[in-house]
Amino acid sequence: VTLGALPPLITVAPPGPRSRALARRLRAAEAPGINTVPADPTAEAGIVWSEAAGANVVDVDGNRYVDLTSGFGAAAIGHRHPSVVVALRDQSDRLVHGLGDVSAHDLRPALAERLAQLAPFAAAQVFFAVTGAEAVEIALKTAFLATRRTEILAFTPSYHGLTFGALAATTRPAFREPFAAHLDSHVHHLPYGAETEQISALLRGGQFACILVEPIVGREGVLVPPAGWLQRLGIACHETGTLVIADEVFTGFGRTGAIFVSAAEGLVPDLLCCGKALGGGMPIAAVLGTRQLMAVWNTAGEALHTSTFVAHPLSCAAALAALEVLTDPAVLARVARIGRALFDRLSRWPTRFPTVKFVRGRGMLWGVELDSAAAAHTLATTARSRGVLVLAGGATGRVLQIVPPLTIAEPILDVALDVLEGALEPGSGSSASSGDAADLSSQLQ
Ligand SMILES: Cc1ncc(COP(=O)(O)O)c(C=O)c1O
């Protein structure tokens, strides 16, 4: 067994001396907050990655981890998947950078065609982006151009990215408040899972271009909506001429066992944002929309939306290779099967471990809600010290996200879950402090 499917191996307590030394350099040279180095010099530094393959990450001190973050979901087919590496090598021998919206490169049509085929509606076209947040911006712009309306309905909690357009829809106060004066006041929020009558009434009373919805809330706590809610949402939108934008940046490409979960749940979006997993670890995102909607971009003069690295050749090469894996029916069936096993195991946690309040998820996207942010932070730190990488998220930081590579070897996933269970045992360093006030995430099972 080679790197990719190996169990954890911690030889130096993380963060080890090399990680700490690099952290010190980063602290001096890079703006605080954006990297893994806390701005507070007394706070503990993060680990610094040096190598990764499959489900394994190795840090600069030689510690080996099992990655239950999939690198924010982007390494859905594992880190450095062999076909992605080959595609990158081949492409870098020919063309590394193109001329974006002025001159395309030869892989771009194939990727656009492939993505259009995957769209959950007919006659689809693709608008490429570099990041998930940019895909959200493009979808919102498309909705404004197409409807000539001004308002947006988004849901609390949600995470759509941190650029201004996306941030106006993103709900976490810590992200919004410093920039509140600059956020689009046309964005309305209702609770995720709100009664459809309430949604319909709001839509009927306004000039809504679109709703923007995560079909399963990811980063803000892994919330699965009530059965039938997404479908009813679609009906409420269609009755009022409001476009539906499904933000599948996190859920897209098999994370939940379906290529796109919105369509699987009966919500056929007008526009669909995707990213993360698409690039097999390279930066690329996209908006899928019908040909009819995308026609709004057919304007004279320069492209109304573009960026220097749009549809970057290396990212397109990686995406074509990644999609081969992500759309393999055997991989999707595997996600569904492992998802059932995860459900069986994780659903016992609230009765086994006093700090675990709720467990939610689908496929290979799970959230374990603990009784406080401190407990989630401690659990993530304890897990890291035993060689498992997990992130704490959720609106109040209490939800541990379990997001393994879809291709992770099952014995390694089991070992990683053993580590989490060990860290959850009372007295293991992850015991809870007093609970936060219950939030919406507690109510949505
Ligand atoms: C649902 C969703 N939308 C948008 C984004 C933003 O993507 P990016 O970080 O690539 O800008 C994220 C990132 O986590 C996400 O989860």
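Residues numbered from 1 in each chain as written. Predicted model: local features only at pLDDT ≥ 70, side-chain atom pairs only at ≥ 80, totals over all residues. Heavy atoms only, no water.

Chemist: Help me understand the pattern of salt bridges, please; the structure alone is not making it clear to me.
Modeler: Where charged atoms from two side chains of opposite charge come close, those side chains can pair. The final tally for this structure, using the stated rule, is ten salt bridges. The salt bridge partner of Glu410 is Arg337, with a shortest N-O separation of 3.0 Å. With Glu410 in helix H15 (residues 410–424) and Arg337 in helix H12 (residues 329–346), the pair connects residues that are 73 residues apart, well separated along the chain. Judged by its relative accessible area of 39%, Arg337 falls in the partly exposed class. Linking Arg352 and Glu421 is a salt bridge whose minimum nitrogen-to-oxygen distance equals 3.3 Å. With Arg352 in helix H13 (residues 349–352) and Glu421 in helix H15, this pair connects stretches of sequence that are 69 residues apart. (Salt bridge = Lys/Arg side-chain N within 4 Å of Asp/Glu carboxyl O. Helix = DSSP H or I, 4+ residues; strand = E, 2+ residues; numbered from the N terminus. Buried < 20%, exposed > 50% of the residue type's maximum accessible area, 1.4 Å probe, protein only.)

Chemist: Explain the side chain of Glu134 to me, please; I cannot follow it from the model alone.
Modeler: Relative to the elements of secondary structure, Glu134 occurs in helix H4 (residues 132–147). Despite its burial, Glu134 remains without a salt bridge, the nearest opposite charge being carried by Lys141 at 7.6 Å. There is a polar contact of 2.7 Å between the side chain of Glu134 and the backbone nitrogen of Val130. Once residues lying within four places of it in the same chain are set aside, the contact partners of Glu134 are Ala129, His305, Thr306 and Ser307. (Lys, Arg positive; Asp, Glu negative; His and termini not counted. Polar contact = N/O pair within 3.5 Å; in protein donor to acceptor, adjacent residues only side chain to side chain. Contact = heavy atoms within 4.5 Å.)

Chemist: I tried to follow the sheet that holds strand E13 (residues 388–389) on my own but got confused; where do I start?
Modeler: Strand pairing in a sheet is mediated by backbone hydrogen bonds. Such pairs are either parallel or antiparallel. In spatial order, the strands read E1-E2-E3-E13; together these four strands make up an open sheet with mixed pairing. Of all strands in the sheet, those bounded by a partner on one side alone are strand E1 (49–53) and E13. Across two bridges, strand E3 (residues 64–67) lies against E13 in parallel orientation. Counterpart to Asp67 in the pairing with E13 is Leu389. (Pairing = 2+ DSSP bridges.)

Chemist: So what exactly am I meant to see when it comes to the packing of H12 against H15 here?
Modeler: For any two helices packed against each other, the geometry is given by the interaxial angle and the distance between the axes. Where H12 contacts H15, the axes come no closer than 12 Å and their chain directions differ by 25°. Judged by the angle between their axes, H12 and H15 are roughly parallel. Note on packing geometry: the crossing formed by H12 with H15 is right-handed. Where H12 approaches H15, its residues Arg334, Arg337, Ile338, Leu342, Arg345 and Leu346 are matched on the opposing element by Glu410, Leu413, Asp414, Leu417, Asp418 and Glu421. In terms of residue class, the contact of H12 with H15 is made up of five nonpolar, no polar and seven charged. (Axes fitted to C-alpha atoms, helices over the stretch in contact; angles between N-to-C directions. Parallel < 35°, antiparallel > 145°, perpendicular 65-115°, else oblique. Left-handed = near helix turned anticlockwise from the far one by under 90°. Nonpolar A, V, L, I, M, F, W, Y, C, P; charged D, E, K, R; others polar.)

Chemist: Help me out: how do you make sense of helix H11 (residues 313–326) in this one?
Modeler: Helical periodicity: at 3.6 residues per turn, an α-helix aligns residues three or four positions apart in one direction. Compared with an ideal rise of 1.5 Å per residue, which puts 14 residues at 20 Å, H11 spans 19 Å between its outermost C-alpha atoms and is within 8% of the ideal. H11 sits mainly inside the fold: twelve of its 14 residues count as buried. Residues Pro313, Leu314, Ser315, Cys316, Ala317, Ala318, Ala319, Ala321, Ala322, Leu323, Val325 and Leu326 constitute the buried set of H11. Residues of H11 that are buried sit in contact with helix H2 (82–94), helix H3 (108–118) and H12. (Expected span 1.5 Å × (residues − 1).)

Chemist: Explain the site of the ligand here, please?
Modeler: The environment of the ligand is made up of Thr131, Gly132, Ala133, Tyr159, His160, Gly161, Glu214, Asp247, Val249, Phe250 and Lys276. Here an oxygen atom of the ligand sits 2.8 Å away from a polar atom, N or O, in the main chain of Gly132. Here a nitrogen atom of the ligand sits 3.4 Å away from a polar atom, N or O, in the main chain of Tyr159. (Near = heavy atom within 4 Å.)

Chemist: How should I be thinking about unusual backbone geometry in this particular structure?
Modeler: A negative phi holds for most residues other than glycine; trans holds for most peptide bonds. Following Pro14, the chain continues into Pro15 via a peptide bond in cis, with omega recorded as -5°. The topology assignment puts Pro15 in the segment before helix H1 (17–29). The backbone of Arg80 sits at a positive phi, close to 50°, despite the residue not being glycine. Of note, Arg80 is situated in the loop between E3 and H2. The partly exposed category is assigned to Arg80, whose relative accessible area is 49%.

Chemist: Help me out: how do you make sense of the confidence of the model for the protein in this one?
Modeler: Where the model shows low pLDDT, its predicted coordinates should not be examined in detail. Per-residue confidence for the protein gives a mean pLDDT of 94, with 95% of residues at or over 70. Within the model, the stretch residues 430–445 combines pLDDT values under 50 with 51 contacts to residues more than four positions away or in other chains. (pLDDT = per-residue confidence, 0-100.)

Chemist: Any chance you could explain the nonpolar core here in plain terms?
Modeler: Side chains that are nonpolar tend, in soluble globular proteins, to be buried together. By size, the foremost hydrophobic cluster in this structure holds 70 residues, and its most contacted members are Leu68, Leu115, Phe253, Leu326, Trp349, Ile402 and Leu420. For this core, the element with the highest residue contribution is H11, accounting for nine residues. Beyond its immediate sequence surroundings of up to four residues, Phe253 is in contact with Leu115, Leu118, Ala258, Ile259, Phe260, Cys274, Gly275, Ala277, Leu278, Leu323, Leu326 and Leu406. Of all hydrophobic cores here, the second largest spans 32 residues; its members include Ala133, Val136, Leu243 and Val287. (Core = buried A, V, L, I, M, F, W, Y, C linked by side-chain atoms within 4.5 Å.)

Chemist: For this particular structure, what's the right way to read the sheet that holds strand E9 (residues 271–274)?
Modeler: Taken in spatial order, the seven strands line up as E4-E10-E9-E8-E7-E5-E6 in an open sheet, and their pairing is mixed. Of all the strands in the sheet, the pair left with one neighbour each is strand E4 (124–129) and strand E6 (187–191). Geometrically, the sheet is characterised by an average inter-axis angle of 20° between neighbouring strands, direction not taken into account. Here strand E8 (residues 243–247) pairs with E9 via three bridges, running parallel. Among the inter-strand pairings, Ala246 is bridged to a residue of E9, identified as Leu272. Contacts from H3 reach E4 and strand E10 (285–290) within the one sheet, and its direction differs from that of E4 by about 125°.

Chemist: Which parts of the structure should I look at to understand the packing of aromatic side chains?
Modeler: The description of an aromatic ring pair rests on the distance of the ring centres and on the angle between the ring planes. Applying the stated rule across the entire model yields nine aromatic pairs. With centroids separated by 6.0 Å and ring planes inclined at 85°, the aromatic side chains of Trp349 and Phe353 adopt a geometry described as edge-to-face. With respect to class, Trp349 is no different from Phe353; both count as buried. The cationic tip of Arg219 hangs over the ring face of Tyr159; the distance from NZ or CZ to the ring centre is 4.3 Å. Directly above the ring of Phe250 sits Lys276, whose terminal nitrogen or CZ lies 5.4 Å from the centroid. (Phe/Tyr/Trp six-rings, centres within 6.5 Å; stacked < 30°, edge-to-face > 60°. Lys NZ or Arg CZ within 6 Å of the ring centre and 35° of its normal.)

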